Amino acid sequence: MLLLLTSCTNTAPASTSHATPAVKLHGQRFSVEFATDETSRVHGLMMRSALAADHGMLFVFPDTAPRAFWMKNTLIPLDILYFDADRRLVSMQLDVPPCKADPCPTYPSNAAARYVLELSAGTVQRIGARANDELKIDGEVGAVR
């Protein structure tokens, strides 16, 4: 009987909360991983040797504040985009190179941010994103700690 109930449960239609998380920026969709707690935000995209052109990582913070990112142990160049609480693009650091030796430089936002999106370097130029563009989030961010 348990097997039958499990089977029935697995055949239910998938809800949008189980869909692959994604964001839309300047008309382009990117599959993303959410970094919503301190551990995942600190680790970020470290030690990855590649990032697909249509993928990224969205860092979500519990508050809006000045942010600064660094590239320690990050092996790929990135575009780092900072968004305010209304998900408007307020600052960009483009074509940020991997850090080759300590101390690694930091790449700050020019304004307070609550969301930070990391994409492959050159993406902003390719899609034409600019200040005040809105970031749309598809999927459940979940608890932010």
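See the structure above.
Residues numbered from 1 in each chain as written. Predicted model: local features only at pLDDT ≥ 70, side-chain atom pairs only at ≥ 80, totals over all residues. Heavy atoms only, no water.

*Asks:* For this particular structure, what's the right way to read unusual backbone geometry?
*Replies:* Most peptide bonds are trans, and most residues other than glycine sit at a negative phi. Of the consecutive residues Asp102 and Pro103, the connecting peptide bond is found in the cis state with omega at -5 degrees. Here Pro103 is to be found in the loop between strand S6 (89-96) and strand S7 (106-108). Positive phi values are uncommon outside glycine, yet Met47 reaches one of about 65 degrees. Its place among the elements puts Met47 in the loop between helix H2 (38-43) and strand S3 (55-65). The exposure class of Met47 is exposed, given its relative accessible area of 54%. (Helix = DSSP H or I, 4+ residues; strand = E, 2+ residues; numbered from the N terminus. Buried < 20%, exposed > 50% of the residue type's maximum accessible area, 1.4 Å probe, protein only.)

*Asks:* Is there a simple way to explain the pairing of strand S2 (residues 28-35) in this structure?
*Replies:* When a strand is regular, its side chains alternate between the sheet's two faces. Here strand S1 (residues 22-25) runs beside S2; their pairing, made up of four bridges, is antiparallel. Each residue of the ladder has a partner; that of Ala22, found in S2, is Ser31. Sheet analysis places S2 next to S3, joined by five bridges and oriented parallel. Within S3, the residue paired with Val32 across the bridge is Gly56. (Pairing = 2+ DSSP bridges.)

*Asks:* For this particular structure, what's the right way to read the packing of aromatic side chains?
*Replies:* For any two aromatic rings, the description comes down to two numbers: the centre-to-centre distance and the angle of the planes. Under the counting rule described, the total for this entry stands at three aromatic pairs. Arranged with centres 6.1 Å apart and planes meeting at 80 degrees, the rings of Phe69 and Tyr82 form a pair that is edge-to-face. Of the two residues, Phe69 sits in strand S4 (residues 68-70) while Tyr82 sits in strand S5 (residues 78-83), which places them 13 residues apart along the sequence. An identical accessibility class is assigned to Phe69 and Tyr82; each is buried. Taken together, the ring pairs connect Phe59, Phe61, Phe69 and Tyr82 into an aromatic cluster. The ring of Phe61 is capped by Arg67, whose NZ or CZ atom sits 3.8 Å from the centre of that ring. (Phe/Tyr/Trp six-rings, centres within 6.5 Å; stacked < 30°, edge-to-face > 60°. Lys NZ or Arg CZ within 6 Å of the ring centre and 35° of its normal.)

*Asks:* Is there a simple way to think about the nonpolar core in this case?
*Replies:* When a protein is soluble and globular, its nonpolar side chains tend to lie buried together. Phe59, Phe69, Met71, Leu78, Ile80, Tyr82 and Val116 are the most contacted members of the largest nonpolar core, which has 18 residues in total. Elements supplying a minimum of two residues to this core: S3, S5 and strand S8 (113-120). Within the second largest apolar cluster, 17 residues are counted, among which are Tyr115, Ile127, Ala129 and Leu135. (Core = buried A, V, L, I, M, F, W, Y, C linked by side-chain atoms within 4.5 Å.)

*Asks:* Is there a simple way to explain the layout of surface pockets in this structure?
*Replies:* Which parts of space are left empty comes out when a probe the size of a water molecule is rolled across the atoms. As a volume, the largest pocket reaches approximately 270 Å³. What lines the largest pocket is a set of 17 residues, among which Arg41, Val42, Phe59, Phe69 and Trp70 lie closest to the centre. Looking at the lining of the largest pocket, the elements with two or more residues in it are H2, S3 and S4. The element that contributes the greatest number of residues to the lining of the largest pocket is H2, accounting for four residues. Residue classes in the lining of the largest pocket are distributed as ten nonpolar, three polar and four charged. (1 Å grid on protein atoms, 1.4 Å probe; cavity = no way out; pocket = protein on both sides within 12 Å on 5 of 7 lines; lining within 4 Å. Points joined across faces, edges and corners; volume = space filled by probe spheres on them. Nonpolar A, V, L, I, M, F, W, Y, C, P; charged D, E, K, R; others polar.)

*Asks:* What should I look at first to understand the pattern of salt bridges in this one?
*Replies:* It is possible for side chains of opposite charge to pair when their charged atoms get near one another. Per the counting criterion, the structure on display carries seven salt bridges. Notably, a salt bridge pairs Asp37 with Arg145, separated by 3.4 Å at the nearest N-O pair. Of this pair, Asp37 sits in the loop between S2 and H2 while Arg145 sits in the segment after strand S9 (135-138), placing them 108 residues apart in sequence. Taking relative accessible area as the criterion, Arg145 reaches 58% and is therefore assigned exposed. With a closest N to O distance of 2.7 Å, Asp102 and Lys72 form a salt bridge. Taken together, the residues span a long stretch of sequence, with Asp102 in the loop between S6 and S7 and Lys72 in the loop between S4 and S5 at a distance of 30 residues. Residue class for Asp102 comes out exposed when judged on its relative accessible area of 55%. In this structure Lys72 comes out as partly exposed when scored by relative accessible area, which is 24%. (Salt bridge = Lys/Arg side-chain N within 4 Å of Asp/Glu carboxyl O.)

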